[in-house]
Amino acid sequence: MNSFNPLDQRCVPILGQDDEVSLMDLLTQADELSGIGGESPTMTAALYRLAIAVLHRSLGPVDGDAWKRIWQAREFPVERIVDYLDLWRHRFDLFGDEPFYQCRDLATVKPNSAALLVPYKSSGNNVTLFDHTTSDIRVTLTPAEAFRWLVTVQAFDLGGTKTPGASPDKSSTAAPCARGAVFLVRGATVFETLMFNLPAYEPGRRPMGTSARDAPVWERPQLSAMPRKAAVPRGWTDLLTWQSRRVWLRRTQNEDGSVAIGEVVICPGDSLHKDFQLSHVDQHMAFYGDKVTPLRIDRERALWRSANALAARSGALEPRHGVPPRTFGWLLETEKAAGLRLPQLIPVTAYGLVNKQSKLITWAAEDIVLPARLLDPAETEAATALESALRAAEEVGSLLFEQARRLRGEFKTRIELQEEKKKDWRPVQLTSYWAALTPEYDRLAHLLAEGEYEEAKRSWSRAVEAAAIKALNRMLATGTTSTRNLAIRAKVASTVTFRLRQALAQLEAVPGVTV
């Protein structure tokens, strides 16, 4: 096989079906496909973002009216997509003269195992994750697999030491999507999901941070082995196809004559300028109140606990809790201008990594529902109610943690407690507290979506109280039955009960929410 072009070859996995589809079919048959289902959540997000880059360059849409026309047709304009992709077909060939997402100049660099392309395969210093592949076992990938992981690596690869390429520099920085979670609104089909996450696009005008020179990597000259250092993306599609690594795939031939990828070269690629902020360009990420730090997936913190960071803020509410993905605002704009009817609850999936420096711990996709009211900055009552509910839960969680440590201090030495603090010790009772509230968030979201703020407050207050009391009782069941320990437990019970009532009373006194 001298060619593997993802525009024609099956390479994109689809949820609910065994057969993969080509990139061309993904877009031209999007209304018939349920969703992309990558081998990892990060792959799913990376493939969606690649498809969005293609749609922007082939369709725009330049404004709400153009978006509305596509939405009402319930399918993408096939002819425009085909014409565009045919124009750039040669740049999508994995083994062509200008190979897709690769640098031909690295062909002479000593390759490593293809396991480097797949995060859960062990290679060298990599952590073996989810399987028992070791670095002495030969890993080969089909061209379709290599395509998918190539797209994923460019979007989600962690920083760290890589093979030096044209320069002796081995150090690489994290790819854009490795720095925070990617939030995508889910639709019933690939068409709906892509449309919900497709803002207006017109180089030089929109979206924010997109210059007239913006273009995806396949529309620019072939990649040089010397990457861009401290660069600033020219715009949205430049960021969507950012080449964070310089890669070369080395082909081998199997006994049956089929082509496989057995070795790869992965070198440092384009790095973002230290002063560049993803919030200036990225449309799918959320940021904390500093507008700089991306919201991440955290194994110790369920996503719903940061739901207030995903809510729009008016001038009356300082955005200290976060800045939502810009596509959320675009959905609200299309609802008002293009006649899109949003459901009361917006289904959203966050895709991201959990890592320790340059070591991958795991990847994750976390679902959350958001009341559509939270997308509207004018709906201050909904945002206030959500913020107050989450704040009450956090205050009670902090109280339980504090009192658990107080109890633990009765039978641990000061040095032991200091060591536990270094290891980020957390009481198991606190885990059960948050687990009990997780299903209650869905009820809270439903009530907020319906405008039932009083019932939302009361329901959430009861849930927090029940979860806290249960966690407290489990805490008090630990330890000895000595007189001193019983006295400490009585004080802890009194403290938690008193401050729990305080926190819930503050929730009931939320301005704008009738008690």
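Right, let's walk through the structure included here. Residue indices follow the written sequence of each chain, beginning from 1 at its first position. Note on the predicted model: pLDDT of at least 70 is required for a residue's local features to be given, and 80 or more for side-chain atom pairs to be given and counted; whole-chain, interface and lining totals, by contrast, use all residues. As a convention, hydrogens and water are excluded, and side-chain values are obtained from all of the structure's heavy atoms.

Buried means the residue's accessible area, taken with a 1.4 Å probe over protein chains only, is under 20% of the maximum for its type, while exposed means over 50%, and partly exposed covers the values in between. Secondary structure is summarised from DSSP: a helix means a run of H or I of at least four residues, a strand means a run of E of at least two, and numbering begins at the N terminus for each. Turning to helix 3 (residues 64-73), its buried residues number three or more, namely Gly64, Ala66, Trp67, Ile70 and Trp71. The buried residues of helix 3 occupy one face: seen down the axis, they fall within an arc of 160 degrees. Seen from the open side of helix 3, the exposed residues pointing more than 90 degrees away from its buried face are Arg69 and Gln72. For helix 3, the N-terminal cap is Asp63; the gap from its side-chain oxygen to the backbone nitrogen of Asp65 is 3.2 Å. Positive backbone phi, approximately 65 degrees, marks Arg74, located one or two places after helix 3. Working definition: the arc comes from the directions between the helix axis and the C-beta atoms, pointing outward to the latter. The term polar contact refers here to a pair of N or O atoms within 3.5 Å; inside protein, the definition further demands a hydrogen-donor-capable atom paired with an acceptor-capable atom, and it admits residues adjacent in sequence only when both atoms are side-chain atoms.

Remark: helix 9 (residues 380-408) packs on helix 11 (residues 428-449), axes separated minimally by 12 Å, with the N-to-C direction vectors making an angle of 170 degrees. Regarding the angle of helix 9 to helix 11, the classification is roughly antiparallel. Mapping the contact onto sequence places Ala382, Ala385, Leu386, Ala389, Ala393, Glu394, Val396, Gly397, Leu400 and Phe401 in helix 9 and Leu430, Tyr433, Trp434, Leu437, Tyr441, Leu444 and Leu448 in helix 11. Residue classes in the contact of helix 9 with helix 11 are distributed as 15 nonpolar, 1 polar and 1 charged. Interaxial angle, 0 to 180 degrees, is taken between N-to-C directions of lines fitted to C-alpha atoms, where a helix line uses only the stretch in contact. These descriptions rest on fixed angle ranges, namely under 35 degrees for roughly parallel, over 145 for roughly antiparallel, 65 to 115 for roughly perpendicular, and the rest for oblique. We call two residues contacting when some pair of their heavy atoms lies within 4.5 Å. For this classification, the nonpolar set comprises Ala, Val, Leu, Ile, Met, Phe, Trp, Tyr, Cys and Pro, the charged set comprises Asp, Glu, Lys and Arg, and every other residue, Gly included, is treated as polar.

The next point concerns the pairing of strand 7 (residues 345-356). With 9 of 12 residues buried, strand 7 lies mostly within the body of the structure. Strands pair, by our definition, only if DSSP identifies at least two bridges between them. Pairing of strand 4 (residues 182-185) with strand 7, which is carried by 4 bridges, proceeds in the antiparallel orientation. Bridging across to strand 7, Val185 finds its partner in Val348. Sheet analysis places strand 7 next to strand 8 (residues 359-371), joined by 12 bridges and oriented antiparallel. Counted as the bridge partner of Leu345 is Pro371 from strand 8.

Further remarks concern the side chain of Ser459. Mapped onto the elements of the fold, Ser459 is located in helix 12 (residues 453-476). Filtering out sequence-adjacent residues up to four positions away, Ser459 remains in contact with Arg443 and Leu447.

Below, the discussion takes up the packing of aromatic side chains. Only the six-membered ring of Trp is used, alongside the rings of Phe and Tyr, when aromatic pairs are assigned; centres must lie within 6.5 Å, and planes under 30 degrees apart are stacked while those over 60 apart are edge-to-face, with the rest tilted. Scanning the entire structure with this criterion turns up 13 aromatic pairs. Consider the rings of Trp304 and Trp460, whose centres lie 5.7 Å apart with planes at 80 degrees: the pair is edge-to-face. Note that Trp304 is positioned in the loop between strand 6 (259-268) and helix 8 (326-337) and Trp460 in helix 12, a separation of 156 residues in sequence. With respect to class, Trp304 is no different from Trp460; both count as buried. By the ring-pair criterion, three or more aromatic residues cluster together here, those being Trp67, Trp71, Phe76, Phe191 and Phe196. Placement of a charge over a ring requires the Lys NZ or Arg CZ to be within 6 Å of the ring centre, with the centre-to-atom vector within 35 degrees of the ring normal. Arg74 extends its terminal NZ or CZ atom over the ring of Trp71, reaching a point 4.3 Å from the ring centre. A cation sits over an aromatic face here: Arg305 above Trp434, 3.6 Å from the ring centre.

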